[in-house]
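Letter by letter, the chains look like this.
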Amino acid sequence: MIKKLSIYITDNVIPYRNLAVEKYLTLHVQSGECVLFLWQNRQTVVIGRNQNCWKECKVNCLEEDGGYLARRLSGGGAVFHDLGNLNFTFCVREEDYHVDRQLEVILKAMQFLGIHAEKTGRNDITVSGRKFSGNAFYKTNGCCYHHGTLLVDTDKSDMSKYLSVSREKLQTKSVTSVKARVINLKEAKPDLTIRMLEEKMAQAFEEVYGLAAEKFPEERFDWQEIDEYEREFASWEWKYGRRIPFHYQMHRRFEWGDIELRFQVNRGLVEEAQAFSDGMEQALIEALPERFIGLRYDARSLCEALRVAETDPPLEQQIKADIWKMLAECM
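Caption draft 1: The arrangement of the confidence of the model for the protein chain in detail. Summing up the model confidence of the protein chain, the mean pLDDT is 90 and the portion of residues at 70 or higher is 95%. Low pLDDT (under 50) marks residues 167–177, which in the prediction has 11 contacts with non-local residues, meaning those over four places away or in another chain.

Quick look at the structure:
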């Protein structure tokens, strides 16, 4: 039974730190306590625990633009965060975990704002049939969290730019783009701000649970433990090196001929590679797989294997440059 409400709101916008704080709050929530954590990330794609980041996100484009790829502890799909989005997390012990009650906080906050919202499907909250909040869940050793997004004024062009949603997935929702599936709450309430939403979330939190909420005390944080979690979330091994085997192929047609590259990847490393081409420089094409095997599967590493030398013949320089461009664009 919930007897205590705590709220923690951070002004940090780096995803690895926020995921670390979220994990800490989840592992250290007290019996009978519910913690509401409100937080924001800047220009970040967050993928589910077991997702293939290269399938879900245009990784190279995101990172070249100064954005972050982050992998969370919970399952579910990939989401885009920017400063037009507010994230929430409910942290509770398993005996106090109640998804419907937690979702009621979101719905009540919308009611306070004069916005008619409803829960649809398994974990979405919508306005006029369009999603503004997706939810995901995590449980470990008797501790749970339920977190999600609240789109206020998110840049939907960036969302479409960085997220790689399969056409099959879009067709099942009877829409033709990522932007068509979602709605910003400002479309329903033009004067809405992040601060206003934070206030209404806190008010709804108290209303639904019938208790006064207190600010989560700073002295309860162990910042060394949080620093350790942050390093884990930021590590290449956690983001890219998970044991998620996959096969990827890419194809382009250039003036010098066709090129198709196939990669077998596991733990973020190229285990096998193949190259097929009708171009005349077959010696170069045949040598490509050996250049790639054992490398990290990221555009920078693979492109480095194709470094163009001034001593290379002009056609070989052009082929390397074109393949470099293909790798950068496809990843």
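Caption draft 2: Expanded view of the pairing of strand β13 (residues 257–266). Extensive coverage of β13 is indicated by the burial of 7 of its 10 residues. The pairing of strand β12 (residues 246–254) with β13 spans 9 bridges and is antiparallel. When the sheet's bridge partners are listed, F254 is paired in β13 with G257. With 8 bridges joining them, β13 and strand β14 (residues 269–277) adopt antiparallel strand pairing. Paired with Q264 across the strands is E272, a residue of β14. Count of turn residues in the β13/β14 antiparallel hairpin: 2 residues, of which R267 carries a positive phi of about 50°.

Caption draft 3: Summary view of the packing of aromatic side chains. What the rule picks out here adds up to 22 aromatic pairs. Arranged with centres 6.0 Å apart and planes meeting at 85°, the rings of F233 and W238 form a pair that is edge-to-face. Side by side, F233 and W238 carry an identical accessibility label, which is buried. Consider the rings of W236 and Y240, whose centres lie 5.9 Å apart with planes at 45°: the pair is tilted. Among the residues examined, Y240 registers a relative accessible area of 9% and is labelled buried. Joined through ring pairs, the aromatic side chains of W54, W236, Y240, F246, Y248, F263, F292 and Y297 make up one cluster. Of note, R296 hangs over the ring of W236, and the distance from its end group to the ring centre comes to 4.1 Å.

About the thresholds
- Residues numbered from 1 in each chain as written.
- Predicted model: local features only at pLDDT ≥ 70, side-chain atom pairs only at ≥ 80, totals over all residues.
- Heavy atoms only, no water.
- pLDDT = per-residue confidence, 0-100.
- Contact = heavy atoms within 4.5 Å.
- Buried < 20%, exposed > 50% of the residue type's maximum accessible area, 1.4 Å probe, protein only.
- Helix = DSSP H or I, 4+ residues; strand = E, 2+ residues; numbered from the N terminus.
- Pairing = 2+ DSSP bridges.
- Phe/Tyr/Trp six-rings, centres within 6.5 Å; stacked < 30°, edge-to-face > 60°.
- Lys NZ or Arg CZ within 6 Å of the ring centre and 35° of its normal.

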